[in-house]
Amino acid sequence: MNGPMMAPPVSRFTVPNLRSLPPDMQEMIRAVQEKSGFVPNIFLALAHRPAEFRAFFAYHDALMDKDEGLSKAEREMIVVATSGLNRCQYCVVAHGAILRIRAKDPLIADQLAINWRKAPLSERHWAMLQFAELVAMDADNITESDHLDMAEAGFTPDEVWDIGAIAAFFGMSNRLVNMAEIPPNEEFYLLGRLPREPRAAGAPE
């Protein structure tokens, strides 16, 4: 009789004891754990390289936590669609969960990850993901015509930059995660899939 399945390792590289990390990194990881209820494996997997950990999450937050321009759901759409193209299981699962929550749509993440062209998209989102795919898969062939198409679709230069930068940054992240064999946390799989039960009148928040 087989025994219980062992959880996959967080990374094929060294994962340090969290208590040994610099205080700023411990604080960041604790904040994420308090917000989500668990520590995403990417934080643990990058922790053995403190300088890269800080640089990675600083750039991530600069791209993904902006309040102006693209919505946060749109930013996650780019991550999920391009991570699907790059066959990155971790980023599809993790950011798919975030997208389901931010878009309030339990179906959208799977649709984008498998084939975003088959998803029920607005013209704006079609143009956004088409440009993101160009950056992710064929950036050397982007031309003036592609930028004009984005302007005609209503995107500002700052928004076009963000689309390209998100696709490029997660192209790096996709490759790093695949190289290090970082698995998605199990908690991500069910997040945002079922609608929340309506709160009864008078029930606490």
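Residues numbered from 1 in each chain as written. Predicted model: local features only at pLDDT ≥ 70, side-chain atom pairs only at ≥ 80, totals over all residues. Heavy atoms only, no water.

### Looking at the side chain of Asn86
Part 1 of the reasoning: Its place among the elements puts Asn86 in the loop between helix 4 (72-85) and helix 5 (89-103).
Part 2 of the reasoning: On the basis of relative accessibility, which here comes to 13%, the residue Asn86 falls in the buried class. (Helix = DSSP H or I, 4+ residues; strand = E, 2+ residues; numbered from the N terminus. Buried < 20%, exposed > 50% of the residue type's maximum accessible area, 1.4 Å probe, protein only.)

### Overview of unusual backbone geometry
Part 1 of the reasoning: A positive phi is found at Lys104, a non-glycine position, where the angle reads about 55°.
Part 2 of the reasoning: With respect to the helices and strands, Lys104 occurs in the loop between helix 5 and helix 6 (108-115).
Part 3 of the reasoning: For Glu181, which is not a glycine, the phi torsion comes out positive at approximately 55°.
Part 4 of the reasoning: Along the chain, Glu181 falls in the segment after helix 9 (157-180).

### Some words on the packing of helix 7 (residues 123-138) against helix 9
Part 1 of the reasoning: It is the contact of helix 7 with helix 9, at a shortest axis distance of 9 Å, that shows an interaxial angle of 50°. By the criterion of interaxial angle, the relationship of helix 7 to helix 9 is oblique. Relative to helix 9, helix 7 is oriented so that their crossing is right-handed. Listed contacts from helix 9 to Arg124, Met128, Phe131, Ala132, Val135 and Ala136 of helix 7 are Glu159, Val160, Ile163, Gly164, Ala167, Ala168 and Arg175.
Part 2 of the reasoning: The residue inventory of the contact of helix 7 with helix 9, partitioned by class, reads nine nonpolar, one polar and three charged. (Axes fitted to C-alpha atoms, helices over the stretch in contact; angles between N-to-C directions. Parallel < 35°, antiparallel > 145°, perpendicular 65-115°, else oblique. Left-handed = near helix turned anticlockwise from the far one by under 90°. Contact = heavy atoms within 4.5 Å. Nonpolar A, V, L, I, M, F, W, Y, C, P; charged D, E, K, R; others polar.)

### Here's the deal with the nonpolar core
Part 1 of the reasoning: Core analysis: the largest hydrophobic core is formed by 56 residues, its most contacted members being Ile42, Ile78, Tyr90, Leu112, Leu129 and Ile163.
Part 2 of the reasoning: Top contributing element to this core by residue count: helix 9, with nine residues.
Part 3 of the reasoning: Ignoring anything within four residues of it in the chain, the contact list for Leu129 reads Met77, Ile78, Ala81, Leu112, Trp116 and Leu121. (Core = buried A, V, L, I, M, F, W, Y, C linked by side-chain atoms within 4.5 Å.)

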